[in-house]
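# Chains, contacts and geometry: an overview
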Amino acid sequence: MEVTLLGTGDTTGTPTPGCSCDTCERARSPDDALRERIRGRGVDPSGGIERTRFSVHVHNERTGEALLVDASPDFRHQFLHRDVALPDAAVVSHIHFDHLDGLGNAYRLLADFPVYAADETDPQTDESVAETVRRRYDYLDAVTVSAESPFESFETCGFEVTLVPVEHPPLVCYGLAIEDPETGAKLSLSGDTSYGIPEDSRDVLADPDLLLADGIVTADLCEHHPLGGRHEDPDGVPRTFGTKHMTVEGARALGADLDADETRIVHLAHFIPADAAFADDMAVDGERFEL
């Protein structure tokens, strides 16, 4: 299983258009020390460091197929700049635009594109994620939507995939585990979520070779959120920023909770101070992992 991080940023990405904060400027023009650290991750930073909107490419080296987790609005840019094949199928975690709107790129690019999504009705929208995808992309002949029940594994691209509910109010959202039944390799993704992931969902996500955990900002920035922070650790450090996303500290804690062999923090915002924004466990676009 080869995992390529196509997009590791939040809804505006880093650098954010029109923003001249220190983090965005450092991403545009990294200093020599940061360039070397990013090269050490197997990423070429010569054009700057990017965190485009979230998407992950999972290649099955046994079958030659590729699964896309979430369809970023930056789909075209990501597939032009990363040496990966176009996907054979996709899983959509939830209906926020930064995870869904890239599906429009199936037009003229993909002849047959199955999309998997959860079948539970969302009280906010009165339809499931699968139904929303089907309705919004009914004009794309290539896209066929398969509604899947959480906690019930399904097969695609030679992988066994399981969706699990997480906490991203007000909309339903799902994390997922992707496993290769032949090699035992396991990738877990938290989805967009607070630290309050239910225990039965944590059980499915547990013990991955790699965990991609949502961590939008560092915990000290909770003071700037109207709702502050939640899910404090024993030292009082918030593991949730507001209600929808984990803090960086929460993402690290989740990695420890799940006994992940390796954790990368994703869905990162440009609000993280520049001196902390590119720590080694904070993902950048283009990183690859062999599981």
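Refer to the structure above for everything that follows.
Presented here is a report on the structure given in the accompanying data block.

### With respect to the overall build of the protein chain
If you tally the helices and strands in the protein chain, you get 7 helices and 16 strands. On the principal axes, the C-alpha backbone points of the protein chain span a range of 45 × 40 × 40 Å. Split into buried and exposed, the 291 residues of the protein chain put 58% on the buried side. Summarising the internal contacts of the protein chain: among those between residues at least 6 apart in sequence, 65% fall at separations of at least 24. Here the protein chain has roughly 11800 Å² of accessible surface; of this, 46% comes from carbon and sulfur atoms.

### Quick look at helix α2 (residues 32-39)
Among all positions of α2, only Leu-34, Arg-35 and Ile-38 are buried. Across the axial projection of α2, the buried residues extend over an arc of 105 degrees, all falling on one side. Pointing more than 90 degrees away from the buried face of α2 are the exposed residues Asp-32 and Ala-33. Next to the buried residues of α2 lie α1 (22-28).

### What about the packing of aromatic side chains?
On inspection of all chains with the given rule, the structure shows 3 aromatic pairs. Relative to Tyr-139, the ring of Tyr-137 lies with its centre 6.1 Å away and its plane at 40 degrees, an arrangement referred to as tilted. Residue Tyr-137 is classed as buried on the basis of its relative accessible area, which comes to 6%. The class of Tyr-139 is exposed, set by a relative accessible area of 53%. Above the ring of Tyr-195, the side-chain terminus of Arg-202 is found at 4.7 Å from the ring centroid.

### Some details on the layout of surface pockets
Roughly 370 Å³ of volume is contained in the largest pocket. Lining the largest pocket are 20 residues; nearest its centre among them are Asp-10, Ile-216, His-225, Phe-241 and His-245. A breakdown of the residues in the lining of the largest pocket according to their chemical character gives 8 nonpolar, 8 polar and 4 charged.

Procedures and definitions
- Residues numbered from 1 in each chain as written.
- Predicted model: local features only at pLDDT ≥ 70, side-chain atom pairs only at ≥ 80, totals over all residues.
- Heavy atoms only, no water.
- Helix = DSSP H or I, 4+ residues; strand = E, 2+ residues; numbered from the N terminus.
- Buried < 20%, exposed > 50% of the residue type's maximum accessible area, 1.4 Å probe, protein only.
- Contact = heavy atoms within 4.5 Å.
- Areas by Shrake-Rupley, 256 points an atom, 1.4 Å probe, with all protein chains shown as cover.
- Arc of directions from axis to C-beta.
- Phe/Tyr/Trp six-rings, centres within 6.5 Å; stacked < 30°, edge-to-face > 60°.
- Lys NZ or Arg CZ within 6 Å of the ring centre and 35° of its normal.
- 1 Å grid on protein atoms, 1.4 Å probe; cavity = no way out; pocket = protein on both sides within 12 Å on 5 of 7 lines; lining within 4 Å.
- Points joined across faces, edges and corners; volume = space filled by probe spheres on them.
- Nonpolar A, V, L, I, M, F, W, Y, C, P; charged D, E, K, R; others polar.

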